[in-house]
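What follows is the residue order along each chain.
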Amino acid sequence: MAERKRRLVANELTEAALQLLASKGFDAVTIDEIATTAGVSKRTFFRYFASKEDVVVQFLADMGADIRAELAARPAGERPAEALRHAVAVPIATCADHSDRALRVVQLILRTPALHARFLERQAQWRDDLAAELAHRLGLDPDGGLYPRLAAGMALNAFDAVLDRWSGSDGGEDPNELIEHAFAVIAPALDTA
């Protein structure tokens, strides 16, 4: 019961923070404002997060875990390009399903230097996790070859390009179509290695 309550408070804080940050801008929002919007004290905020950046970073950490889980769940014999496309399509589909909110959050991350830097830090961990999972799928030594790390990097670069294009179009382009197009470009390299 305590864990459930803890998750509910964390979710409330995350939701309040993301809404405020996306609507007002990163620098204009205070921790007091986030806490008040979530209906908790500032002290409670700090029990869950060390800073405003950490709220967004946790959101990103969950996204990375979803990508790896999807890659692990793909059929064993599937081509690497197909498996990786499906894996990175999970957060892309979430963006498409919640386009207004997701667009504001993505734009906030990409347009706020501190958040963009944290996003890139998280992606370095995602790349390592995807490379390890891909090596496992292909029966390769995770530390011995270049392919898993390069393939994971290409998949995440495609992911970045799609987010950048989608957010730059103010949601005018379909992120699902963009990810399909991006993987059509990189699939030959992913599948011939």
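Residues numbered from 1 in each chain as written. Predicted model: local features only at pLDDT ≥ 70, side-chain atom pairs only at ≥ 80, totals over all residues. Heavy atoms only, no water.

**Re the nonpolar core**
Phase 1 of the analysis: Core analysis: the largest hydrophobic core is formed by 58 residues, its most contacted members being Phe-45, Leu-84, Val-88, Trp-126, Phe-159, Phe-183 and Leu-190.
Phase 2 of the analysis: Listing elements by their share of this core, those giving two or more residues are α1 (2-24), α2 (31-38), α4 (52-73), α5 (80-97), α6 (99-111), α7 (113-138), α8 (147-168) and α9 (175-192).
Phase 3 of the analysis: With ten residues, α8 is the single largest residue contributor to this core.
Phase 4 of the analysis: Contact partners of Phe-159, with chain neighbours within four places excluded, come to Met-63, Val-88, Pro-91, Ile-92, Phe-119, Gln-123, Trp-126 and Ile-179. (Core = buried A, V, L, I, M, F, W, Y, C linked by side-chain atoms within 4.5 Å. Buried < 20%, exposed > 50% of the residue type's maximum accessible area, 1.4 Å probe, protein only. Helix = DSSP H or I, 4+ residues; strand = E, 2+ residues; numbered from the N terminus. Contact = heavy atoms within 4.5 Å.)

**Examining α8**
Think of an α-helix as turning once every 3.6 residues; residues three or four places apart then point the same way.
Phase 1 of the analysis: A rise of 1.5 Å per residue sets the reference length of α8, with its 22 residues, at 32 Å; its end C-alpha atoms lie 31 Å apart and thus fit the reference within 8%.
Phase 2 of the analysis: At the C-terminal side of α8, Asp-170 shows a positive phi close to 55°. (Expected span 1.5 Å × (residues − 1).)

**Topic: the pattern of salt bridges**
Side chains bearing opposite charge may pair, as long as their charged atoms lie close to each other.
Phase 1 of the analysis: Evaluation of the coordinates by the stated rule reveals 14 salt bridges.
Phase 2 of the analysis: Of the charged contacts in the structure, one is a salt bridge between Glu-78 and Arg-74, with a shortest N-O distance of 2.8 Å.
Phase 3 of the analysis: Note on Glu-78: relative accessible area 17%, which makes it buried.
Phase 4 of the analysis: Here Glu-180 makes a salt bridge to Arg-85, at a shortest N to O gap of 2.6 Å. With a gap of 95 residues between them, Glu-180 in helix α9 and Arg-85 in helix α5 connect regions that are remote in the sequence.
Phase 5 of the analysis: Residues joined in a network through salt bridges with shared partners are Asp-54, Arg-118 and Glu-121. (Salt bridge = Lys/Arg side-chain N within 4 Å of Asp/Glu carboxyl O.)

**Details of the packing of α7 against α8**
Phase 1 of the analysis: It is at 8 Å that the axes of α7 and α8 come closest, and there the two elements cross at 135°. In terms of orientation, α7 lies oblique with respect to α8. Seen from above, α7 lies across α8 with right-handed handedness. On α8, the residues that touch Phe-119, Gln-123, Trp-126, Arg-127, Asp-128, Leu-130, Ala-131, Leu-134, Ala-135 and Leu-138 of α7 are Tyr-147, Pro-148, Arg-149, Ala-151, Ala-152, Gly-153, Leu-156, Phe-159, Asp-160 and Leu-163. (Axes fitted to C-alpha atoms, helices over the stretch in contact; angles between N-to-C directions. Parallel < 35°, antiparallel > 145°, perpendicular 65-115°, else oblique. Left-handed = near helix turned anticlockwise from the far one by under 90°.)

**Some points on unusual backbone geometry**
Phase 1 of the analysis: One non-glycine residue, Asp-170, adopts positive backbone phi at about 55°.
Phase 2 of the analysis: Along the polypeptide, Asp-170 turns up in the loop between α8 and α9.
Phase 3 of the analysis: With relative accessibility at 53%, the residue Asp-170 sits in the exposed group.

**Remarks on α7**
Phase 1 of the analysis: For α7, with 26 residues, the first-to-last C-alpha span of 37 Å sits near the 38 Å given by 1.5 Å per residue.
Phase 2 of the analysis: Listing the buried residues of α7 in full gives Leu-115, Phe-119, Gln-123, Trp-126, Leu-130, Ala-131, Glu-133, Leu-134, Ala-135 and Arg-137.
Phase 3 of the analysis: Directly beyond the C-terminal end of α7, a positive phi value near 70° is found at Gly-139.

**Things to note about the packing of α1 against α6**
Phase 1 of the analysis: Closest axis-to-axis distance for the α1/α6 pair is 9 Å, and the angle between their directions is 70°. What the angle tells us is that α1 and α6 run roughly perpendicular. Within the contact between the two elements, α1 uses Glu-15, Leu-18, Leu-21 and Ala-22 and α6 uses Arg-101, Arg-104, Val-105 and Leu-108.
Phase 2 of the analysis: Class assignment for the residues of the contact of α1 with α6 results in five nonpolar, no polar and three charged. (Nonpolar A, V, L, I, M, F, W, Y, C, P; charged D, E, K, R; others polar.)

**A word on the side chain of Arg-137**
Phase 1 of the analysis: Considering the arrangement of structural elements, one finds Arg-137 in helix α7.
Phase 2 of the analysis: Within the buried set, Arg-137 has no salt-bridge partner at all; the shortest N-O distance to an opposite charge, 4.4 Å, is to Glu-78.
Phase 3 of the analysis: Polar contacts involving the side chain of Arg-137 include one to the main-chain carbonyl oxygen of Pro-75, which spans 2.9 Å.
Phase 4 of the analysis: If sequence neighbours within four positions are ignored, Arg-137 has contacts with Leu-71, Arg-74, Pro-75, Ala-76, Glu-78 and Ala-83. (Lys, Arg positive; Asp, Glu negative; His and termini not counted. Polar contact = N/O pair within 3.5 Å; in protein donor to acceptor, adjacent residues only side chain to side chain.)

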